[in-house]
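Working through the structure, step by step
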Amino acid sequence: MSLAAGAEVAGVELRQLRYFVTLAEELHFGRAAAREHIVQSALSQQVQRLERELGVRLLERSTHHVSITAAGAAFLLEARQIIARVDRAAQVARSAAGATTRLRVGIIDASYDSMPQILHEVQARHPDLVIHQVEVSVPEQYQQLLDGRLDVGIGRAALAPAGVASYLFREDPLGVLVPDGHRFTSLDGVPVGTLAQEPLLLAEDAQAPEFNQFVVEMCRSAGFTPAVYEGTVESIRAAADLVAAGRCLYCVPSSCISALPGTIWRPLVEPVSHYPWSILWRAADTSEHVRAITTCARAMSKRLGWLTVREPTAG
């Protein structure tokens, strides 16, 4: 590298790398700015300065569209590694100074109760541990685990990439959310085959491909392809609102059936299905705080019988 080139790169700031990575993930200035807690114009200016420092265009912009260039895609890989290294260096420095350990944990939706229960027990055993919960989809959890932006995640591990380790801790009975007064409310269990006559809401596929795949495969095993409701939602709460309005039904595990007004959960039978929940972490990460999560998950799973196949009960 020439001295001139080195001088240019020396002007790159860490915050510019973070802003660029966030914008490359969102491909939307408004959402990226919201994630970084800055105004949209400031984010745009910092990314433009980064491009000037590098002397290359990282993003293509139009009025309604943002896309990443080939140079931007190559730079994104390196930028993520730099940020991960800086974050790890900060952790090492804090640990050496006796500072409080921080744990970044991915969760899918605040309505699910498995991870909150595990984290509550972890916090009781390790009161000095500072836990940051990040609500993020399973595919994005995989990426953030590999990048070092998350320490632990949760989800179905069927699609986990190489480099992400997992531990299955819960087989969660699957059921269906129906509106008050629906014909299924009088049943103790809803045969999967009867869902063929109902519009089923699926998650947005980019957000939860592993769950959608599980539901579709369950329906096909019962001899039909589900009639999918055309709308999409980004949370269990939003799904429950659609169900309560009588627009559709929604398959959901038993671990998130509480406090969903206007809906009733009924277990699915014929066949009974269980959704597999796993703890996810970076395979190379052998740190004490990650072991604390997996240890508590194992203990809680055994104590509560989460891996014991039992007949589900209606909620």
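Structure's up top.
**Comments concerning the pairing of strand 12 (residues 274-282)**
Burial of strand 12 is extensive: 9 of the 9 residues sit out of reach of the surface. With 4 bridges joining them, strand 5 (residues 152-155) and strand 12 adopt antiparallel strand pairing. Paired with Val152 across the strands is Trp281, a residue of strand 12. As paired elements, strand 6 (residues 164-179) and strand 12 share 9 bridges and run antiparallel to each other. Residue pairing across strands places Leu168 opposite Ser278, the latter belonging to strand 12.

**A few points about helix 7 (residues 138-147)**
Buried residues of helix 7: Val138, Gln141, Tyr142, Gln144, Leu145 and Asp147, and no others. Directly beyond the C-terminal end of helix 7, a positive phi value near 85° is found at Gly148.

**Thoughts on the side chain of Gln144**
Secondary-structure assignment places Gln144 in helix 7. Ignoring any residue separated from it by four or fewer positions in sequence, one finds Gln144 in contact with Val136, Arg149 and Leu150.

**Notes on the pattern of salt bridges**
All chains considered together, the criterion is met by 14 salt bridges. Of the charged contacts, one joins Arg31 and Glu26 as a salt bridge, the two residues approaching to 3.1 Å between their closest N and O atoms. Of the charged contacts, one joins Glu121 and Arg303 as a salt bridge, the two residues approaching to 2.7 Å between their closest N and O atoms. Of this pair, Glu121 sits in helix 6 (residues 114-125) while Arg303 sits in helix 10 (residues 288-304), placing them 182 residues apart in sequence.

**Observations concerning the environment of Thr225**
Mapped onto the elements, Thr225 comes out in the loop between helix 8 (209-221) and strand 9 (227-228). Given a relative accessible area of 54%, Thr225 falls into the exposed group.

**What about the nonpolar core?**
Formed by 62 residues in total, the largest nonpolar core has its most connected members in Met115, Ile118, Phe169, Leu195, Tyr250, Leu268 and Ile279. Ranked by the residues each element gives to this core, the list is headed by strand 6, at 7 residues. Setting aside anything within four residues of it in sequence, one finds Tyr250 in contact with Gly175, Val176, Leu177, Leu201, Phe211, Ile236, Ala239 and Val243.

**Regarding the pairing of strand 4 (residues 130-135)**
Summarising the sheet, strand 3 (residues 102-107) and strand 4 pair through 6 bridges and their orientation is parallel. Bridged to Val105 within strand 4 is Gln133. You can see the chain leave strand 3, run along helix 6 and come back into strand 4, and the turn it takes is right-handed.

**Looking at the packing of aromatic side chains**
With the rule as written, the count across this model stands at 6 aromatic pairs. Seen in terms of ring centroids, Tyr112 and Trp277 are 5.0 Å apart; in terms of plane orientation they differ by 65°. Their pairing is edge-to-face. One end of the pair, Tyr112, is in the loop between strand 3 and helix 6; the other, Trp277, is in strand 12, with 165 residues separating them in the sequence. Here the two residues Tyr112 and Trp277 agree in accessibility, since each one is buried. Ring centres of Phe169 and Trp306 lie 5.7 Å apart, and the angle between their planes is 55°; this geometry places the pair in the tilted category.

Criteria and cut-off values
Residues numbered from 1 in each chain as written. Predicted model: local features only at pLDDT ≥ 70, side-chain atom pairs only at ≥ 80, totals over all residues. Heavy atoms only, no water. Buried < 20%, exposed > 50% of the residue type's maximum accessible area, 1.4 Å probe, protein only. Helix = DSSP H or I, 4+ residues; strand = E, 2+ residues; numbered from the N terminus. Pairing = 2+ DSSP bridges. Contact = heavy atoms within 4.5 Å. Salt bridge = Lys/Arg side-chain N within 4 Å of Asp/Glu carboxyl O. Core = buried A, V, L, I, M, F, W, Y, C linked by side-chain atoms within 4.5 Å. Right-handed = clockwise from strand over helix to strand, strands pointing away. Phe/Tyr/Trp six-rings, centres within 6.5 Å; stacked < 30°, edge-to-face > 60°.

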